[in-house]
Amino acid sequence: MKNRYIKTITYTGLLAVLALQLIWAYNVYSFSKEELQRKGGEIFRTAVSSELDHRFQTVTIPKGAFGDLEDGSSVTYAFFNEVFESVGAPLSIEFVDSTYKSLAAKENLNTNIVIEHISDSLGVIQSTQKEKGFWYLTCSKKYTKEDESEYLQVFILSPFKDIFTPMSLLLMGTIIFVFLIIYCITYQIKIINRQSKIAQLRNNFTHAMVHNMKIPLTSIKIGNKAIESGKLSPEKTKQNHEIVNRETESILKFAESTLTLAQKEQDEPTLNKEAVNKYIKTITSIGLLAVLALQLIWTFNTYNFIKEETQRKGADLLDTALGEDVTQRIRTVPLPKEGAFDDLEDGSSVGYAILNEVYESLSAPLSLHYIDSTYKSLAAEEGLSTNIVIEHISDSLGIIQSTQKEKGFWHLTCPEKVYTKENESEYLQVSILNPHKDIFTQMGLLLIGTIIFVFLIIYCITYQIKIINRQNKIAQLRNDFTHAMVHNMKTPLTSIKIGNKAIESGKLSPEKTKRNHEIINEEVENILMLTEKILTLAQIEQDELTLNKEIVSVKAIVDDLMEKFLAKAKKEINFVATYNIEEVYADAGYLKQVISNLIENAIKYSGDKVTITVTVDRNNDYTLIKVKDNGFGISAKDQLKIFEKFERGAASKRSAKGGAAGFGIGLNYVQQVVRMHGGMVAIESVKGEYSEFTIKLPKLIEEI
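A short tour of the structure in this document, coming up.

Reading guide: rules and limits
Residues numbered from 1 in each chain as written. Predicted model: local features only at pLDDT ≥ 70, side-chain atom pairs only at ≥ 80, totals over all residues. Heavy atoms only, no water. Core = buried A, V, L, I, M, F, W, Y, C linked by side-chain atoms within 4.5 Å. Buried < 20%, exposed > 50% of the residue type's maximum accessible area, 1.4 Å probe, protein only. Helix = DSSP H or I, 4+ residues; strand = E, 2+ residues; numbered from the N terminus. Salt bridge = Lys/Arg side-chain N within 4 Å of Asp/Glu carboxyl O. Pairing = 2+ DSSP bridges. Axes fitted to C-alpha atoms, helices over the stretch in contact; angles between N-to-C directions. Contact = heavy atoms within 4.5 Å. Patch = residues over 30% accessible without salt bridge, like charges linked within 9 Å, V, L, I, M, F, W, Y side chains within 5 Å. Areas by Shrake-Rupley, 256 points an atom, 1.4 Å probe, with all protein chains shown as cover. Lys, Arg positive; Asp, Glu negative; His and termini not counted. Charge placed at Lys NZ, Arg CZ, Asp CG, Glu CD.

**Observations regarding the nonpolar core**
Note on soluble globular proteins: their nonpolar side chains tend to be buried together.
Then, in step 1: Counting residues in each nonpolar core, the largest one holds 79 residues, and the members touching the most others are Phe44, Tyr100, Leu318, Ile371, Tyr375, Ile390 and Ile457.
Then, in step 2: No other element matches the 16 residues that helix H1 (residues 2-58) contributes to this core.
Then, in step 3: Counting 64 residues, the second largest nonpolar core, distinct from the first, contains Ile496, Val554, Ile603 and Ile625.

Shown next as structure tokens:
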């Protein structure tokens, strides 16, 4: 389950990395595409205006061309084009095409274009090229009729080079960063898998070692019991002594070789482990920095794209607002009948600037208030900010007029100027106040998604690091456990060997002979109990443990254990047992081992005398078996990890006060076996006062 979770987290992290970069790349691609369309549209509008200027310079306009301007009409390209078409001077699509290509080449933009003159009713009237091909980008329209029934439109062919060229460095950086992040995550998975494999091999080795020890230990136990009975012939007694000696010697040799291997493993790879850990930390740090750097780069670029788009839209709206102001003046103030454009000089352009100058000469200057209200109305329709300041600026005099005195600190000035004089000495400029809110609002979903994905990626990487560190810790604990177990087994095995030799010599008194037999039996029993616990935990881990649950007398189990511990006690023990119920539904053998373990711990981790209270009771949900002592107690910090496998921190601290250090599997064994019964184990302890362990087992069906 844990491996599946790690894989899920990893694949989720990798997908998050890819998804996040695709989202950002798509957005930047969209912004680049829109920017190319915008630039294409601007060049196209300039080319169309140049074509109109060319007709102004070559064709004379009839007198009083604007005298009958209807309400609702605007002085636009369409209006002028219709005037020229009425005098037999239609637009030249070839002139627009050549002008566009000349302007585009100056800005290093794509000149592979198609311009079409299109009618809503007739379709394509004219085109600079028959086929556009499959890959093209459509730019804005320029109406040639006031009723918008005809228009010019430009199409940029094979635009992707122009789109991706500005993104190239960003895309290359993204690819490098993405591969770095993927490498970081996959490398960590490789480490996790390798450590899992090594851990499994070590587990198998430990379990095989323990399992193989059971046979010689059982032989020692049987041989010693047979000798102790005194019913064997001298030859058989000698044979059993030899068996005990041989099996003890074989286990001791095995213990020595295991210790040598464990010592080599601890000594040799230390430098390598430190190097690997340092490398993992470095890779992880780089990976996390790569994630953050990449997202900051994408965010910064997206912010700039949106900011530039906001500025462009602001300038466009200002240009439109000035056009509306000029149109309003045309409707209210008639132009002179002499023909306003008769003296148009070569190089002049018929735009809002020249019209504005004409009307200023007629004492009808622009209205900044009207332009401001028109801008805000148009901005509101497009969902853009209406919190703006429009300024009328002169190169020589500075600000001539302004819709607001102060712009404040946070404002975005649109760099594109809308000229009101043909010599470009005066212009209008718009500043958007507090623009960051609008910019970040447009980035809102993208930023939220980015934050979620970044945290997901960081979680994946840090979770993997946590797993690696935990595996390293467990691996070290396993090594320590194996080393300590084998090392500590040497003492009882040596006692068995010495005891058997002493008995075999025949020089001991009957009392000492009996005592040596007891020592051998006790030591063999202790080692066998340890091997059983280790093998049981292995079966639980591999989901191979089968319980033989039945209704058993918990009173009989506890009474038997109290008698056993009192019989071999080396300190003063006072047992207090209370049975509010006497039967539970459990596996008798495993339940006895669990309670025995708790009583043994109570004896180990206490002073010269101890009172152990065993209470069997029930509540609404569980049968409760409580084992309480007045020993050393367990700190709150150690209580959090005392049930972990191989965790010996608390045990070692308590042993310093006179107890015996364990191997760190006893309480884990208790917890796992109780869980296999469908129950749980709880602890309540105050350091220096007491410890109480509560086993909670499901109630009998009859009780429910």
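**Let's talk about the pattern of salt bridges**
Then, in step 1: Enumeration according to the criterion identifies 17 salt bridges in this entry.
Then, in step 2: Asp316 serves as the salt-bridge partner of Arg312, at 2.8 Å between the closest nitrogen and oxygen. With Arg312 and Asp316 both in helix H7 (residues 270-332), this residue pair falls four residues apart, about one helical turn.
Then, in step 3: Between Arg329 and Asp325 there is a salt bridge, with its nearest N and O atoms 2.8 Å apart. You can see Arg329 and its partner Asp325 sitting in helix H7, four residues apart, about one turn around the helix. Pair check on accessibility: Arg329 and Asp325 agree, each one buried.

**A closer look at the sheet that holds strand S3 (residues 136-143)**
Then, in step 1: On the basis of which strands lie adjacent, the open sheet formed by four strands has the order S2-S1-S4-S3 and antiparallel pairing. At either end of the open sheet lies a strand with only one pairing partner, and these are strand S2 (123-127) and S3. The sheet shows a mean angle of 30° between the axes of neighbouring strands, direction not considered.
Then, in step 2: Summarising the sheet, S3 and strand S4 (residues 150-157) pair through six bridges and their orientation is antiparallel. If you follow Lys141 over to S4, its bridge partner there is Gln153.

**Considerations on unusual backbone geometry**
Then, in step 1: Unusually for a residue other than glycine, Ser363 sits at a positive phi of about 60°.
Then, in step 2: Relative to the elements of secondary structure, Ser363 occurs in the loop between helix H8 (352-361) and helix H9 (368-381).
Then, in step 3: The phi torsion at Glu424 lies on the positive side, around 60°, for a residue other than glycine.
Then, in step 4: Inspection of the secondary structure assignment puts Glu424 in the loop between strand S8 (418-419) and strand S9 (426-433).
Then, in step 5: Given a relative accessible area of 44%, Glu424 falls into the partly exposed group.

**A short note on the environment of Ile156**
Then, in step 1: With respect to the helices and strands, the residue Ile156 is situated in strand S4.
Then, in step 2: Classification of Ile156 by relative accessible area gives buried; the value is 2%.
Then, in step 3: Distance from Ile156 to Asn110, taken between C-alpha atoms, is 7.2 Å for residues 46 residues apart in sequence.
Then, in step 4: Contact partners of Ile156, with chain neighbours within four places excluded, come to Leu36, Gly40, Tyr100, Asn110, Asn112, Ile113, Trp135, Tyr136, Leu137 and Cys139.

**With respect to a negative patch on the surface**
Then, in step 1: On the surface, Asp120, Glu146, Asp147 and Glu148 cluster together to form a negatively charged patch.
Then, in step 2: With respect to the element layout, Asp120 can be found in the loop between strand S1 (113-119) and S2.

Interpretation note: all reported values are geometric properties and have no functional meaning in isolation.
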